Amino acid sequence: IRTSSTTAPTTPSVSEGLPAALGVLGGTFDPVHVAHVRLAEEATRQLALAGVIWIPAGNPWHRRPPVASSAHRLAMVRLAAAHPGYAVDDAEILANTPSYTVPTLERLRQRQGPGRPLVLLMGADAFLGLTTWRRWRDLFALAHIGVASRPTFDLAPERMPPELAEEWRRRLVSHVDALPAAPAGAIATFRLDAGTVSSTEVRQRLRQGAPVDALLPPSVLDYIRRHRLYSN
């Protein structure tokens, strides 16, 4: 895998002559688990992405400090993202400062250029809480947003805060051709049938000695066992 990088190999665009969109997947990844991997896979396939940049957060502002160290979380993401279409950006985690999405996208935008379509990937629950994010409206000037929809999770605008529902109605696109047609500004959904998994659940099961083989990529589970992470 290519580390410390914000580029990924390109694939033929769904729109002739336009650059394929590049996915951006950030998170604490404490630890990275199979739902993260599945989200990246399905977003790449359904949104016709050129690749995905994985960005582990150094110090997420909206939650408690991570349990595993920055070095361990970065190492686990590198293992989980060992795929030709993925890249790992370590700038946030090496800085170990509060991580905010807008500055991260501004940094990526400077490196990728103003015309490269970027797609910020997130789950439906994270999207419903978007209005609590710092400078959340600025996200649409920097990237498209790709929302993973689950069969059991209703993304109806009636469930959203009014200001988010307004953006949803105005920006939602029904075809992936809209993503390479502009560098930012659209909302697209993709289906994610994988079961719900949380890092909190994984950590709890590891502390209890319960089986986690189905919840973690094998390479990540091996790393956790070798370094005795999340155990008592």
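Rules used in this analysis
- Residues numbered from 1 in each chain as written.
- Predicted model: local features only at pLDDT ≥ 70, side-chain atom pairs only at ≥ 80, totals over all residues.
- Heavy atoms only, no water.
- Helix = DSSP H or I, 4+ residues; strand = E, 2+ residues; numbered from the N terminus.
- Buried < 20%, exposed > 50% of the residue type's maximum accessible area, 1.4 Å probe, protein only.
- Contact = heavy atoms within 4.5 Å.
- Areas by Shrake-Rupley, 256 points an atom, 1.4 Å probe, with all protein chains shown as cover.
- Pairing = 2+ DSSP bridges.
- Core = buried A, V, L, I, M, F, W, Y, C linked by side-chain atoms within 4.5 Å.
- Polar contact = N/O pair within 3.5 Å; in protein donor to acceptor, adjacent residues only side chain to side chain.
- Lys, Arg positive; Asp, Glu negative; His and termini not counted.
- Salt bridge = Lys/Arg side-chain N within 4 Å of Asp/Glu carboxyl O.

An account of the overall build of the protein chain is requested, with residue identities and associated values reported.
In terms of helices and strands, the protein chain carries 9 helices and 9 strands. For the protein chain, the proportion of its 232 residues judged to be buried stands at 51%. Long-range contacts, defined here as pairs at least 24 residues apart, represent 76% of the contacts in the protein chain between residues at least 6 apart. Working note: accessible area of the protein chain is about 11000 Å², and carbon and sulfur atoms make up 51% of it.

Give me the lowdown on the pairing of strand β7 (residues 118-123), citing residues and values where you can.
The buried count for β7 comes to 6 of 6 residues, which makes it a mostly enclosed element. In β7, alternate side chains face the same way, and those of Leu118, Leu120 and Met122 on one face and Val119, Leu121 and Gly123 on the other are all buried. Inspection of the sheet shows strand β2 (residues 22-27) paired to β7 by 3 bridges, in the parallel sense. Each bridged residue has a counterpart across the sheet, and for leucine 22 the counterpart in β7 is leucine 118. When β7 meets strand β8 (residues 144-149), the two strands line up parallel, connected through 5 bridges. Paired with valine 119 across the strands is histidine 144, a residue of β8.

Any chance you could break down the nonpolar core for me, citing the residues and the numbers?
Among the nonpolar cores identified, the biggest contains 43 residues, and Leu47, Trp54, Met76 and Leu121 are the most heavily contacted of them. Taken together, the elements giving at least two residues each to this core come down to α1 (34-46), β3 (51-56), α2 (70-80), β5 (86-88), β7, β9 (187-191), α8 (199-208) and α9 (218-227). When residues of this core are assigned to their parent elements, the largest contribution, 5 residues, is made by α1. Discounting residues that sit within four places of it in the chain, tryptophan 54 has contacts with Leu25, Phe29, Val32, His36, Val37, Ala40, Val77, Ala81, Tyr86, Ala87, Val88 and Asp89. Among the nonpolar cores identified, the runner-up in size contains 28 residues, and Val102, Ala124, Trp136 and Trp168 belong to it.

Can you break down the side chain of aspartate 89 residue by residue, with the values?
Position of aspartate 89 among the secondary structure elements: in the loop between β5 and α3 (91-95). Taking the relative accessible area as the measure of exposure, aspartate 89 reaches 2% and is therefore buried. Polar side-chain contacts of aspartate 89 include one of 2.9 Å to the backbone nitrogen of alanine 91.

Give a detailed account of the side chain of arginine 109, specifying residues and quantitative values.
Here arginine 109 lies in helix α4 (residues 101-112). The buried charged residue arginine 109 lacks any salt bridge, with glutamate 106 as its nearest oppositely charged partner at 9.9 Å. Here the side chain of arginine 109 touches arginine 116 through a polar contact of 2.5 Å, landing on its backbone oxygen.

Before we move on, could you go through unusual backbone geometry and cite the residues and values that matter?
Following aspartate 30, the chain continues into proline 31 via a peptide bond in cis, with omega recorded as 5 degrees. You will see that arginine 228, though not glycine, has its phi angle at about 55 degrees, which is positive. As for its placement among the helices and strands, arginine 228 is situated in the segment after α9. Of note in the backbone geometry, tyrosine 230 takes a positive phi value of approximately 65 degrees without being a glycine. Of note, tyrosine 230 is situated in the segment after α9.

That is the geometry; function is a separate question.
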